[in-house]
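# Structural overview
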Amino acid sequence: QVQLVESGGGLVQAGGSARLSCAASGRTFSSYAMGWFRQAPGKGREFVAAISWSGGSTRYADSVKGRFTISRDNAKNTVYLQMNSLKPEDTAVYYCAASQSILFQLVDYWGKGTLVTVSS
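Residues numbered from 1 in each chain as written. Predicted model: local features only at pLDDT ≥ 70, side-chain atom pairs only at ≥ 80, totals over all residues. Heavy atoms only, no water.

### Regarding the side chain of D90
The condition is simple: Every helix listed is a DSSP run of H or I at least four residues long, and every strand listed is a run of E at least two residues long, numbered separately from the N terminus. Whenever two N or O atoms come within 3.5 Å, that pair is a polar contact, provided that in protein one can donate a hydrogen and the other can accept it, and provided that, for residues adjacent in sequence, both atoms are side-chain atoms. Any two residues whose heavy atoms approach within 4.5 Å are treated as being in contact.
Examined against the element boundaries, D90 turns out to sit in the loop between strand 8 (78–83) and strand 9 (92–99). A distance of 2.8 Å separates the side chain of D90 from the backbone nitrogen of K87, its partner in a polar contact. Apart from the residues lying within four places of it in its own chain, the contact partners of D90 are R38, R67, F68, S85, V116 and V118.

### A closer look at unusual backbone geometry
With a phi close to 55°, N77 is a non-glycine residue in the positive phi region. Assignment of secondary structure puts N77 in the loop between strand 7 (68–73) and strand 8. Within the chain, F104 stands out as a residue other than glycine whose phi angle is a positive 55°. The residue F104 is located in the loop between strand 9 and strand 10 (109–110) in this model.

### As for the nonpolar core
Side chains of nonpolar character tend, in soluble globular proteins, to be buried together. Where we set the bar: Each nonpolar core is a collection of buried residues, namely Ala, Val, Leu, Ile, Met, Phe, Trp, Tyr and Cys, held together in the definition by side-chain atoms within 4.5 Å. Here's how the labels work: a residue is buried when its accessible area is under 20% of the maximum for its type, exposed when over 50%, partly exposed in between, all with a 1.4 Å probe on protein chains only.
Of all hydrophobic cores here, the largest spans 30 residues; its most connected members are L4, M34, W36, L81, M83 and Y94. Of all the elements in the fold, those that place two or more residues in this core are strand 3 (18–25), strand 4 (33–39), strand 5 (45–51), strand 7, strand 8, strand 9 and strand 11 (114–119). Not counting chain neighbours up to four residues away, the residues in contact with Y94 comprise E6, L20, W36, F37, R38, V48, F68, L81, M83, G113, T114 and V116. If you look at the next biggest cluster of nonpolar residues, it comprises 5 residues, including A33, A50, A97 and F104.

### Regarding the packing of aromatic side chains
Spelled out, the test is: Pairing of aromatic rings covers Phe, Tyr and the six-membered ring of Trp, with a centre-to-centre limit of 6.5 Å; geometry is then stacked below 30 degrees between planes, edge-to-face above 60, and tilted otherwise. Over a ring means this: the NZ of a Lys or the CZ of an Arg is within 6 Å of the ring centre and within 35 degrees of the ring normal.
This model, assessed by the stated rule, comprises 5 aromatic pairs. Residues Y95 and W110 carry aromatic rings whose centres are separated by 6.4 Å and whose planes lie at 85° to one another, so their mutual orientation is edge-to-face. Note that Y95 is positioned in strand 9 and W110 in strand 10, a separation of 15 residues in sequence. Y95 sits in the buried class, given a relative accessible area of 12%. On the accessibility criterion, W110 (37% relative accessible area) is partly exposed. The rings of F37, F47, Y95, F104 and W110 are connected pair by pair, giving a single aromatic cluster. The ring of Y95 is capped by R45, whose NZ or CZ atom sits 3.7 Å from the centre of that ring. Positioned above the aromatic ring of W110 is the side chain of R45, whose terminal nitrogen or guanidinium carbon lies 4.4 Å from the ring centre.

What follows is the structure in structure tokens.
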């Protein structure tokens, strides 16, 4: 069992930066690929970024490539999402997730989400 708790959301001006953190409980954290998804108001949940269990592989949605960076610290059971050059369209609830595969075809665990609001 893995529990995921996100933090770091809030109000950010367009062009600014923010860093989200996801703290995981459970000793099996390092065996999971971790990812971030987001859901904007009135829209479905979409993939943002993912990182392999070792941190050696990452993948990103085209909409955030070059602006967002995912990383993890297995010693701290934490995954991060560094978001730069934020745009109003990045406004969403951001969810942390764990999966057996970096492809995230199936999600094993979800966090409850943290809201990021980007003002223009």
